[in-house]
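Spelled out, the chains give:
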Number of protein chains: 2
Amino acid sequence: MRTRAASSKPTIRDVAAEAGVSIATVSRALNGRAPIASETAKKVQAAVQALGFRANRTGRELRAGTSRTVGVLVPSLANPVFAESVAGIQDAAREAGWSVLIASSAYEAERENQAIEHLLSHRVGGLVLTVADADRSATLDGLDREGMPYVLVYNQPDRADRSSATIDNIAAGRDATRALIAAGRTRLAMVAGRFAASDRSKQRYRGFGEALAEAGLSQVALIELGFDAPEVDGPTRRLLTGPDRPTGLFCSTDLLALRVMALLREAGLRVPDDVAIVGFDGIPVGRLTAPSLATIAQPSHEMGRRAFLHLLARIEGAAPERILLPYELRPGGSLPPGR
Amino acid sequence: MRTRAASSKPTIRDVAAEAGVSIATVSRALNGRAPIASETAKKVQAAVQALGFRANRTGRELRAGTSRTVGVLVPSLANPVFAESVAGIQDAAREAGWSVLIASSAYEAERENQAIEHLLSHRVGGLVLTVADADRSATLDGLDREGMPYVLVYNQPDRADRSSATIDNIAAGRDATRALIAAGRTRLAMVAGRFAASDRSKQRYRGFGEALAEAGLSQVALIELGFDAPEVDGPTRRLLTGPDRPTGLFCSTDLLALRVMALLREAGLRVPDDVAIVGFDGIPVGRLTAPSLATIAQPSHEMGRRAFLHLLARIEGAAPERILLPYELRPGGSLPPGR
DNA sequence: TTGTAGGCGTTATCAG
DNA sequence: CTGATAACGCCTACAA
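Residues numbered from 1 in each chain as written. Chains lettered and ligands numbered in written order. Predicted model: local features only at pLDDT ≥ 70, side-chain atom pairs only at ≥ 80, totals over all residues. Heavy atoms only, no water.

1. Digging into the domain arrangement of chain A
All names here are of chain A.
Thought 1: Per the domain assignment, the segments of chain A are domain 1 (12-55), domain 2 (66-167 + 300-326) and domain 3 (169-298).
Thought 2: Here the C-alpha centroids of domain 2 and domain 3 sit 28 Å apart.
Thought 3: Listed by partner, the interface residues are 18 residues for domain 2 and 17 residues for domain 3.
Thought 4: Across the interface of domain 2 and domain 3, roughly 1,400 Å² is buried in total on both sides, 49% from carbon and sulfur atoms.
Thought 5: Contact with domain 3 buries surface across domain 2, with Tyr107, Gln156 and Ile167 losing the most and accounting together for 39% of the total.
Thought 6: The tally of links between domain 2 and domain 3 comes to 0 salt bridges.
Thought 7: At the surface where domain 2 touches domain 3, the tally comes to 8 residue pairs in polar contact (both at pLDDT 80 or more).
Thought 8: Elements represented by at least two residues in the side of domain 2 that touches domain 3 include exactly helix 5 (80-96) and helix 12 (300-315).
Thought 9: When residues in the side of domain 2 that touches domain 3 are grouped by element, the largest group, 3 residues, is from helix 5.
Thought 10: Residues of the side of domain 2 that touches domain 3, tallied by class, amount to 11 nonpolar, 6 polar and 1 charged. (Domains from an automatic or database assignment. Contact = heavy atoms within 4.5 Å. Buried area = accessible area lost by both parts, 1.4 Å probe. Salt bridge = Lys/Arg side-chain N within 4 Å of Asp/Glu carboxyl O. Polar contact = N/O pair within 3.5 Å; in protein donor to acceptor, adjacent residues only side chain to side chain. Helix = DSSP H or I, 4+ residues; strand = E, 2+ residues; numbered from the N terminus. Nonpolar A, V, L, I, M, F, W, Y, C, P; charged D, E, K, R; others polar.)

As structure tokens, then:
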């Protein structure tokens, strides 16, 4: 029986020696894929216990050529909506015995690429991601070229060959806007972060425009706030609070909606009396503010969960699928009930 | 020159063949640790480009016996404060060329253990974690036994042998409470989630008690709300809103504080007129509510960052360190200025 | 400066 | 049912 340095971890070889069997038997006993005498299995278990053996995934992965690890890329963990989808991915992964390797893009295309490159170097089994623009993304093109399976979350691609788990952003944008119109608001605008960095925003804007059109309203204003900077520049501020200000706002995310509510409050405007607001995402804090935030509630956790499960299917060879989950217009004090 | 299936990824061997050198040379050229003729280096680079080669970390890790991957364990990603620290860890890890493997415990000791076990099976280089109780944790005992380096975040252990990056929770709890007292509030209570699941809460409670004592106030009420359930039971509700209700509340987290504010509002009480509130964490949304939330602002991102950097040091053999970062009592509308 | 070769821990194949 | 052995991709003595 080989002796080992105390510092180094026991390997399958040590277990074999301890149990008095071959390493092949240990491997089989551990993975339970092959027939094993229950007597032998018991000996192996005992040896595992005695040595505190823990299988080294690295060895397994090298052998297998792939890992039961999913790479996850989100724009930012600071936005609770993304953190929530990661939690969903994580829960599903844990149940399936998979691990989660995480990276974030900070909404930048270059970081997006670097992060993916990094995740791929780990030979992840697949990826779950949220990218800037799902239909034209060099990153995704690269993945397609390599045959690396992935599923998008939040992104809602037009292309049928790109798997996704999301809600219908256009319809949701339309519903949010209709709700504002139903509440009697006619001077409407949409507020987005950085339009260029979010295909979702564009889709929501399209729904916004459609709802305006069907109501015969022509004005389709778009106000960009940017993601990080809490400061809003003068012109933008005037757009929101000046004499021609909108009486209803559809915000592309809840975080933006909360920022806008704070900004309006500072300017002495009242929500919803002066300005009605509908957000998008359904982050939990939206229920706690005063007034509470009316919003399009996405099932973020479930989206992450479903994305992971579909990823497993893709890895097994299933065809791409665009999973559309139900959303809900969650009422809130920021949007008074229809007249 | 060997041919390869198109589906399988190029290895160092393919690069060697393409460049007309040995695999050892390729390895050296890639890692730049050994002297290489610039001519050779160029050939290797060209081959790498031509083949789209990406080094397989699994092979490297197996060989090295360790991975440049940090395991991260947090109670939940749903609380922005933890998500923020993860973002900090991640940023630092990315800069150092490390990867981040993530898991969460859902505030449950058993899950905590399973998650760690899982992370260890990846042969992570070290861990950054937030546990229920840093001074008595079977999980941490196990890590100590194995000599696996780790650094705690948010936890503030008494034991000097456990590395951490945190703020001084006792002092912060004291400062928050002093601020309530300075605002003229004398009937005070502290609100926590699940006390048992958070050593931080206990430390903050201690600071709360100390501030009361030094002001000659005797009542040291503690109100537990639980983490998830948005519903609050009748007795607890009466404690907060009944005739003997506190006029000042110190909440153990901002999320709790926001829940309490909503609850008080429902009950027809005004913040801060009827009840002043100070939270803890400094999550960004706290600035956006009406009234805004006075709180102890922790440098969560920086804490994650520092924790990771200290972990690297620990891995290199540095001694454990309890890093104490500065916090700030951030004023807000929920706490009127002192009389 | 470069090449050869062995082995990291695991699983799968092929014999017994 | 079990054992011996050959990879998986990479790095690093040791030789040249």
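2. Comments concerning the packing of aromatic side chains
Thought 1: Applying the stated rule across the entire model yields 12 aromatic pairs over all chains.
Thought 2: Between Phe82(A) and Tyr154(A) the ring centres are 5.3 Å apart and the planes differ by 85 degrees, which places this aromatic pair in the edge-to-face class. Placement of Phe82(A) in helix 5 and of Tyr154(A) in the loop between strand 4 (150-153) and strand 5 (164-166) is noted, with a sequence separation of 72 residues between them. Taken as a pair, Phe82(A) and Tyr154(A) share a single burial class, namely buried.
Thought 3: An aromatic cluster of at least three residues, connected via ring pairs, comprises Phe195(A), Tyr205(A), Phe208(A), Phe250(A) and Phe280(A).
Thought 4: The side chain of Arg204(B) reaches across the aromatic face of Phe280(B), ending 3.7 Å from its centre. (Phe/Tyr/Trp six-rings, centres within 6.5 Å; stacked < 30°, edge-to-face > 60°. Buried < 20%, exposed > 50% of the residue type's maximum accessible area, 1.4 Å probe, protein only. Lys NZ or Arg CZ within 6 Å of the ring centre and 35° of its normal.)

3. Some remarks on the protein's contact with DNA strand C
Thought 1: Of all residues adjacent to DNA strand C, which total 25 residues, the nearest are Ile12(A), Arg63(A), Thr25(B), Arg28(B) and Thr40(B).
Thought 2: Arg60(A) is positioned with one of its side-chain polar atoms (N or O) 3.1 Å from a phosphate oxygen of DNA strand C.
Thought 3: Between DNA strand C and Arg63(B), the relevant distance is 2.7 Å, taken from a base nitrogen to a side-chain nitrogen or oxygen of the residue.
Thought 4: In terms of residue class, the surface near DNA strand C is made up of 11 nonpolar, 8 polar and 6 charged. (Near = heavy atom within 4 Å.)

4. Points about the pattern of salt bridges
Thought 1: Scanning all chains against the criterion turns up 36 salt bridges over all chains.
Thought 2: Notably, a salt bridge pairs Asp91(B) with Arg94(B), separated by 3.8 Å at the nearest N-O pair. With Asp91(B) and Arg94(B) both in helix 5 (residues 80-95) and 3 residues apart, the pair spans about one turn of that helix.
Thought 3: With relative accessibility at 18%, the residue Asp91(B) sits in the buried group.
Thought 4: A relative accessible area of 36% means that Arg94(B) is categorised as partly exposed.
Thought 5: Here Asp141(B) ties to Arg162(B) by a salt bridge, and the two come within 2.8 Å at their closest N and O atoms. With Asp141(B) in helix 7 (residues 138-146) and Arg162(B) in the loop between strand 4 (150-153) and strand 5 (164-166), the pair connects residues that are 21 residues apart, well separated along the chain.
Thought 6: For Asp141(B), a relative accessible area of 33% translates into the label partly exposed.
Thought 7: Put simply, Asp141(A), Asp144(A), Arg159(A), Asp161(A) and Arg162(A) are held in one network by salt bridges that share partners.

5. Let's talk about the nonpolar core
Thought 1: Counting 142 residues, the largest nonpolar core has Leu249(A), Ile277(A), Val70(B), Leu249(B) and Ile277(B) as its most contacted members.
Thought 2: Filtering out sequence-adjacent residues up to four positions away, Val70(B) remains in contact with Ile89(B), Ala93(B), Trp98(B), Ser99(B), Val100(B), Leu101(B), Val124(B), Gly126(B), Leu127(B), Val128(B), Phe308(B) and Leu311(B).
Thought 3: Ile116(A), Leu119(A), Ile116(B) and Val124(B) belong to the second largest nonpolar core, which has 34 residues in total. (Core = buried A, V, L, I, M, F, W, Y, C linked by side-chain atoms within 4.5 Å.)

6. Brief notes about the protein's contact with DNA strand D
Thought 1: Lining the immediate surroundings of DNA strand D are 25 residues, of which Thr25(A), Arg28(A), Thr40(A), Ile12(B) and Arg63(B) lie closest.
Thought 2: Near the protein, meaning within 4 Å, the atoms of DNA strand D are sugar or phosphate in a fraction of 62%, with bases accounting for the rest.
Thought 3: A distance of 2.6 Å separates a phosphate oxygen of DNA strand D from a polar backbone atom of Ile12(B).
Thought 4: Between Asn56(B) and DNA strand D, the recorded distance is 2.8 Å, taken from a backbone N or O atom to a phosphate oxygen.
Thought 5: When grouped by side-chain class, the residues that make up the surface near DNA strand D number 12 nonpolar, 8 polar and 5 charged.

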